[in-house]
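In case you want the letters, here they are:
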Amino acid sequence: MSEAALQKPNLDQTKLINFLTTKYGQNPNNQIKIEITKELPSERDQNLMCKLENAPCTVGVIKIHNQADDRETINMQIEAMDHVYEKAELAKQMNTGDQNVLFPRQLKTNTNESCCVFSAGPNTKHIVRILEYMPGEMLGDIKNQSQELIIQVGKTCGTVCEYMKDFQGKNFDEEKHAVRDPDFAWDLRNALYHINGCEDKNVTEKLSHVKERWQKNIIKRCIKNFTENKWTNRFLNLQKKIA
């Protein structure tokens, strides 16, 4: 078990709800109501599903971050989620992009922040945020994965990459989180770098055939797109004439 897992938060839910009610209750006459329904699995954080009233959504997830997590990294996660959500909303308004790709929003506090800090003791503070709950199934739990499903997952990953291209948040450290740095695992364009560098043989064996199929399909698509382009055809015809 990792050190972070040993420090997984387990907060008093009554105290937490009272705290969040003051932080997210924008209107004293119409205060937000929070009812925790169940705890969601997590290796290092505490995640609580809840019903919400007088809020932008009816079901949410309260995420209590591990105290061992780096504050700058958490802030960058928060900014990245806000950035992707705003991009997705803009795409809907402009009727562009994949309209089937949905992203959860982060509820804002009374001071228009995406998170707040809960003090559970003299030296125990946790970053807490409330996210809109997105109903669905985990990909790993779906036994019969259709080709359409896999294609949709790929489109979603591509959409996230596209939205993240111009991300430059306040907590974005170019040296620490450089998008073009292959060590930056959040950028899905660096997936192959991390797959190739994986030392777990069980993982690499499972991923090897997927990687090979992906590479072959990418090459086929590139050749197809290249040859179908009219300007490319003119270039090829010109090459033939020269030859």
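Draft legend 1. Region of interest: the overall build of the protein. Per the secondary structure count, the protein includes 8 helices and 5 strands. In the protein, the succession of helices and strands from N to C terminus is α-α-β-β-β-α-β-β-α-α-α-α-α. For the protein, the residues scored as buried account for 30% of the 243 residues in total. Summarising the internal contacts of the protein: among those between residues at least 6 apart in sequence, 56% fall at separations of at least 24. Summed over all atoms, the accessible surface of the protein reaches about 17,000 Å², with 51% contributed by carbon and sulfur.

Draft legend 2. Representation of the sheet that holds strand β5 (residues 124–132) in the model. With antiparallel pairing, the 5 strands of this open sheet are ordered in space as β1-β2-β3-β5-β4. Single-partner strands in this sheet number two, and they are β1 (33–40) and β4 (116–121). Sheet twist, expressed as the mean angle between neighbouring strand axes with direction ignored, is 35°. In this fold helix α2 (residues 13–24) packs onto β1, β2 (46–53), β3 (59–64), β4 and β5, with an angle of close to 150° to the strand it touches most, β4. Helix-sheet contacts for helix α3 (residues 71–94) involve β4 and β5, and the interaxial angle to β5 is about 10°.

Draft legend 3. Here's a closer look at the pattern of salt bridges. All chains considered together, the criterion is met by 7 salt bridges. As a salt-bridge pair, Lys63 and Asp45 come within 3.1 Å of each other at their nearest N and O atoms. Of this pair, Lys63 sits in strand β3 while Asp45 is found in the loop between β1 and β2, placing the two residues 18 residues apart along the sequence. Under the relative-accessibility criterion, Lys63 is labelled buried at 18%.

Draft legend 4. Up close: unusual backbone geometry. Despite not being glycine, Asn54 has its phi angle at roughly 60°, a positive value. The residue Asn54 is located in the loop between β2 and β3 in this model. Assessed through its relative accessible area of 40%, Asn54 is described here as partly exposed.

Draft legend 5. Fine view of the nonpolar core. Grouped together as the largest cluster of nonpolar side chains are 20 residues, with contacts concentrated most on Leu16, Leu20, Ile34, Leu52, Ile62, Val128 and Ile130. Looking at this core, the elements with two or more residues in it are α2, β1, β2, β3, β4 and β5. Considering each element in turn, this core owes the most residues, 5 residues, to α2. Judged by nonpolar contacts, the second largest core, of 11 residues, contains Met76, Ala88, Tyr163 and Met164.

Draft legend 6. Seen up close, the pairing of β1. Relative to β2, β1 runs antiparallel, the two being bridged by 7 bridges. Looking at β2, one finds that Ile36 is bridged to Cys50.

Draft legend 7. View of the environment of Leu131. Along the polypeptide, Leu131 turns up in strand β5. For Leu131, a relative accessible area of 10% translates into the label buried. Leu131 sits 70 residues away from Val61 along the chain, and the two C-alpha atoms are 5.2 Å apart. If near-sequence neighbours (up to four positions away) are discounted, Leu131 is found in contact with Val59, Gly60, Val61, Lys63, Met81, Arg105, Gln106 and Leu107.

Draft legend 8. Quick peek at the state of the cysteines. This structure, assessed with the given rule, holds 0 disulfides. This cysteine, Cys57, is not joined by any disulfide, and Cys50 carries the nearest cysteine sulfur, 7.7 Å off. Take Cys115: it sits in no disulfide, and the sulfur closest to it among the cysteines is that of Cys116, at 6.8 Å. Here Cys115 falls in the buried class, since its relative accessible area comes to 15%.

Scoring rules and cut-offs
Residues numbered from 1 in each chain as written. Predicted model: local features only at pLDDT ≥ 70, side-chain atom pairs only at ≥ 80, totals over all residues. Heavy atoms only, no water. Helix = DSSP H or I, 4+ residues; strand = E, 2+ residues; numbered from the N terminus. Buried < 20%, exposed > 50% of the residue type's maximum accessible area, 1.4 Å probe, protein only. Contact = heavy atoms within 4.5 Å. Areas by Shrake-Rupley, 256 points an atom, 1.4 Å probe, with all protein chains shown as cover. Pairing = 2+ DSSP bridges. Axes fitted to C-alpha atoms, helices over the stretch in contact; angles between N-to-C directions. Salt bridge = Lys/Arg side-chain N within 4 Å of Asp/Glu carboxyl O. Core = buried A, V, L, I, M, F, W, Y, C linked by side-chain atoms within 4.5 Å. Disulfide = S-S within 2.5 Å.

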